[in-house]
Amino acid sequence: MNTLLKRFLWIGLALLVWPAWADQFWDLPPAPPPADFGNLLINRQSENKSVKPATFSHWLHRRKFTCRVCHFELEFSMKQNTTEITEKGNQSGQFCGSSGCHDGKAAFGHVAPNCEKCHNGDRSYSNARFAELSRLPHAPFGNKIDWGKSLSKGLITPHKYLSIKPDAQVTFQETLLLESDWIGTPPAVFSHTPHVWQLDCSNCHPDIFNVKKKTTKHFSMVANLRGQYCGVCHTNVAFPMADCARCHPAMSN
Ligand code: HEC
Ligand code: HEC
Ligand code: HEC
Ligand code: HEC
Ligand code: HEC
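A brief report on the enclosed structure follows. (Residues numbered from 1 in each chain as written. Chains lettered and ligands numbered in written order. Predicted model: local features only at pLDDT ≥ 70, side-chain atom pairs only at ≥ 80, totals over all residues. Heavy atoms only, no water.)

### Here we look at the site of ligand 2
Part 1 of the argument: By nearness alone, 24 residues border ligand 2, and His58, Cys67, Cys70, His71 and Thr83 come closest of all.
Part 2 of the argument: A distance of 3.1 Å is found between an oxygen atom of ligand 2 and a backbone nitrogen or oxygen belonging to Thr82.
Part 3 of the argument: Where the shell around ligand 2 is concerned, the elements lending two or more residues are β1 (39-42), α2 (58-62) and α3 (67-73).
Part 4 of the argument: In the shell around ligand 2, the residues fall into eleven nonpolar, eleven polar and two charged.
Part 5 of the argument: Split by domain, the residues of the shell around ligand 2 number at least three in each of domain 1 (3-30 + 167-247) and domain 2 (38-134). (Near = heavy atom within 4 Å. Polar contact = N/O pair within 3.5 Å; in protein donor to acceptor, adjacent residues only side chain to side chain. Helix = DSSP H or I, 4+ residues; strand = E, 2+ residues; numbered from the N terminus. Nonpolar A, V, L, I, M, F, W, Y, C, P; charged D, E, K, R; others polar. Domains from an automatic or database assignment.)

This is the structure in structure tokens:
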């Protein structure tokens, strides 16, 4: 189809669906207090087995370990309550109890007096320690911490692996301009470098994104806002969708 005609069709369609569509944009989830952002209660089995849900805080852990360590090496899934964590596994050196983690040496272990440090049902349990992060550079949303800058300035130095070293041969530093079909929308900029620093390629490829620009099916801003694609991380852990300008540099927040 001729480009001009295609553009006119897009404008028509945009005008038709704009009100419903715009609603989904402004209906962003309410922002939790910065210290609660990224905190989870894991309760796939706990209450069924008569213990309180286990508390987990991303900001507490990501200072010390990259996403890759937990979400690639230890195979925790990026969806709450979907990893089949068992206490037996924890106690025999898997999951939270992996060597270098809650093994009783690097951090408190899986023995009686410690049960309630995790099984307390309190999402905000660690928040008294949030002040430890007050010196990190600020950002407008999420934890209100600029995690990218904290890393690049060496203010935090998370371990990149426990026992499986990232393969130095497999690397990709390209910055992609992700243009939308909606005319008048400033493109989103996706830089591989800061992502690859923290994540394994397999955290994104091929399950979330195709390994070829503009070929991921159903990839759209609405889907992002529903927690798919970029929204897998940029909803509850990495800076959230409200930070339009961080992804679309030509937009203002
Ligand atoms: C470092 C954190 C941590 C500590 C310490 C810990 N747990 Fe857990 N435990 C977890 C997590 C996370 C899960 C998974 C929660 C779920 O899926 O509901 C879990 C799951 C469980 C479960 C449910 C699953 C199963 O295998 O039956 C029980 C029961 C349990 N823990 C008991 C205990 C007891 C008793 C202690 C102390 C001896 C303890 N836990 C110490 C983190 C911890
Ligand atoms: C110390 C381990 C650890 C680190 C480091 C870590 N995570 Fe997680 N993450 C978890 C666990 C455990 C869960 C819960 C899994 C479950 O319940 O099945 C989780 C869940 C998630 C979820 C799902 C949240 C939800 O609300 O459903 C996302 C998204 C996520 N992590 C992204 C990240 C990103 C991005 C990073 C790096 C900035 C990161 N994680 C670093 C352990 C970690
Ligand atoms: C945080 C998610 C994420 C991670 C991690 C990631 N990528 Fe990507 N990658 C993307 C996205 C998004 C695209 C564009 C997909 C689209 O437009 O349909 C892409 C595209 C690509 C492309 C195609 C580029 C082009 O111009 O067509 C290659 C090659 C690629 N990635 C390689 C890698 C490799 C190798 C790694 C690991 C070193 C990696 N990626 C890690 C998100 C990621
Ligand atoms: C698998 C998880 C994951 C996915 C998927 C993901 N990101 Fe990220 N992204 C991160 C993490 C972690 C950071 C570090 C900053 C933070 O945590 O707030 C980050 C940082 C960024 C930054 C800031 C870079 C900097 O220099 O500070 C931009 C921009 C960004 N992401 C855009 C995107 C876009 C666009 C997509 C979708 C194409 C996407 N991300 C998908 C995890 C992810
Ligand atoms: C984490 C990164 C990220 C954030 C934050 C973000 N966007 Fe997007 N946005 C994207 C990507 C990637 C696309 C391109 C999707 C595609 O290929 O169509 C996009 C596309 C769009 C589009 C074009 C429609 C479409 O589906 O292609 C609009 C309009 C838009 N964004 C508006 C916003 C607004 C408004 C905000 C803030 C409320 C925002 N975006 C925040 C990554 C982001």
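### Section: the environment of Thr193
Part 1 of the argument: By the secondary structure assignment, Thr193 is in helix α7 (residues 192-198).
Part 2 of the argument: The sequence separation of Thr193 and Thr171 amounts to 22 residues, and the corresponding C-alpha distance is 9.0 Å.

### Notes on the coordination of the iron atom of ligand 3
By definition of the ideal shapes, a tetrahedral metal site with four donors has angles of 109.5 degrees and an octahedral site with six donors has angles of 90 or 180 degrees.
Part 1 of the argument: Protein-derived ligands of the iron atom of ligand 3 are His192 (NE2) and His205 (NE2), with the metal-ligand distances lying across 2.0 to 2.1 Å.
Part 2 of the argument: Coordination at the iron atom of ligand 3 comes from six donor atoms whose angles at the metal span 86 to 179 degrees, giving a geometry best classed as octahedral. With His192 in helix α7 and His205 in the loop between α8 (201-204) and α9 (221-225), this pair connects stretches of sequence that are 13 residues apart.
Part 3 of the argument: Accessibility expressed as a relative area gives 10% for His192, which makes it buried. (Donors = N, O, S within 2.8 Å, 3.2 Å for Na, K, Ca; no water. Tetrahedral: all angles 85-135°; square planar, octahedral: opposite > 155°, others 65-115°. Buried < 20%, exposed > 50% of the residue type's maximum accessible area, 1.4 Å probe, protein only.)

### Looking at the pattern of salt bridges
Part 1 of the argument: Taken as a whole and assessed by the stated rule, the structure comprises seven salt bridges.
Part 2 of the argument: One salt bridge connects Arg68 with Glu73, and the closest N-O pair in it is separated by 3.6 Å.
Part 3 of the argument: Taken together, the shared-partner salt bridges connect Arg63, Arg129 and Glu132 into one network. (Salt bridge = Lys/Arg side-chain N within 4 Å of Asp/Glu carboxyl O.)

### Some points on the layout of surface pockets
Part 1 of the argument: For the second largest pocket, the calculated volume is near 340 Å³.
Part 2 of the argument: Along its surface, the second largest pocket is lined by 17 residues, and Pro166, Asp167, Val170, Val196 and Leu199 are the ones closest to its centre.
Part 3 of the argument: Among the secondary structure elements, those contributing two or more residues to the lining of the second largest pocket are α3 and α7.
Part 4 of the argument: Element by element, the count of residues in the lining of the second largest pocket is highest for α7, at three residues.
Part 5 of the argument: Looking at side-chain class alone, the lining of the second largest pocket contains nine nonpolar, three polar and five charged residues. (1 Å grid on protein atoms, 1.4 Å probe; cavity = no way out; pocket = protein on both sides within 12 Å on 5 of 7 lines; lining within 4 Å. Points joined across faces, edges and corners; volume = space filled by probe spheres on them.)

### Description of the site of ligand 4
Part 1 of the argument: Surrounding ligand 4, one finds 21 residues, the nearest of these being Arg62, His195, Cys230, Cys233 and His234.
Part 2 of the argument: Taking His234, its side chain carries an N or O atom lying 2.8 Å from a nitrogen atom of ligand 4.
Part 3 of the argument: At a separation of 3.0 Å, an oxygen atom of ligand 4 approaches a polar backbone atom of Phe239.
Part 4 of the argument: Mapped onto the shell around ligand 4, the elements with two or more residues apiece are α6 (147-152), α7 and α10 (244-247).
Part 5 of the argument: For the shell around ligand 4, the per-class residue count stands at 15 nonpolar, four polar and two charged.

### Points about the coordination of the iron atom of ligand 5
Part 1 of the argument: Those protein atoms acting as donors to the iron atom of ligand 5 are Met221 (SD) and His248 (NE2), and they sit at 2.0 to 2.2 Å.
Part 2 of the argument: Note that the iron atom of ligand 5 binds six donor atoms; their angles at the metal cover 88 to 178 degrees, and the shape is octahedral. Highlighted residues: Met221 in helix α9 and His248 in the segment after α10, separated in sequence by 27 residues.

### Considerations on the packing of aromatic side chains
Part 1 of the argument: By the definition in use, this model includes five aromatic pairs.
Part 2 of the argument: Both rings, one in Phe76 and one in Phe95, keep their centres 6.3 Å apart while their planes meet at 50 degrees; by these two values the pair is tilted. You can see Phe76 sitting in the loop between α3 and α4 (87-91) and its partner Phe95 sitting in the loop between α4 and α5 (115-118), a full 19 residues away along the chain.
Part 3 of the argument: A relative accessible area of 14% places Phe95 in the buried class.
Part 4 of the argument: When the ring of Phe219 is compared with that of Tyr229, the centres are 5.2 Å apart and the planes differ by 40 degrees; the resulting orientation is tilted. Taken together, the positions of Phe219 in the loop between α8 and α9 and Tyr229 in the loop between α9 and α10 put the pair ten residues apart, joining distant regions of the chain. (Phe/Tyr/Trp six-rings, centres within 6.5 Å; stacked < 30°, edge-to-face > 60°.)

### A closer look at the nonpolar core
Part 1 of the argument: In this structure, Ala35, Trp59, Leu60, Phe130, Leu133, Leu136, Ile145, Trp147, Leu151 and Ile156 together form the largest nonpolar core, which totals ten residues.
Part 2 of the argument: Contact partners of Trp147, with chain neighbours within four places excluded, come to Trp59, Arg62, Arg63, Leu133, Leu136 and Ile156. (Core = buried A, V, L, I, M, F, W, Y, C linked by side-chain atoms within 4.5 Å. Contact = heavy atoms within 4.5 Å.)

### What about empty space enclosed by the protein?
If a probe the size of a water molecule is rolled over the atoms, the empty space left behind becomes visible.
Part 1 of the argument: What the rule picks out here adds up to one cavity of 30 Å³ or more.
Part 2 of the argument: Considering only enclosed or pocket space, the largest cavity measures out at about 30 Å³ in volume.
Part 3 of the argument: Considered class by class, the residues forming the lining of the largest cavity number eight nonpolar, two polar and one charged.

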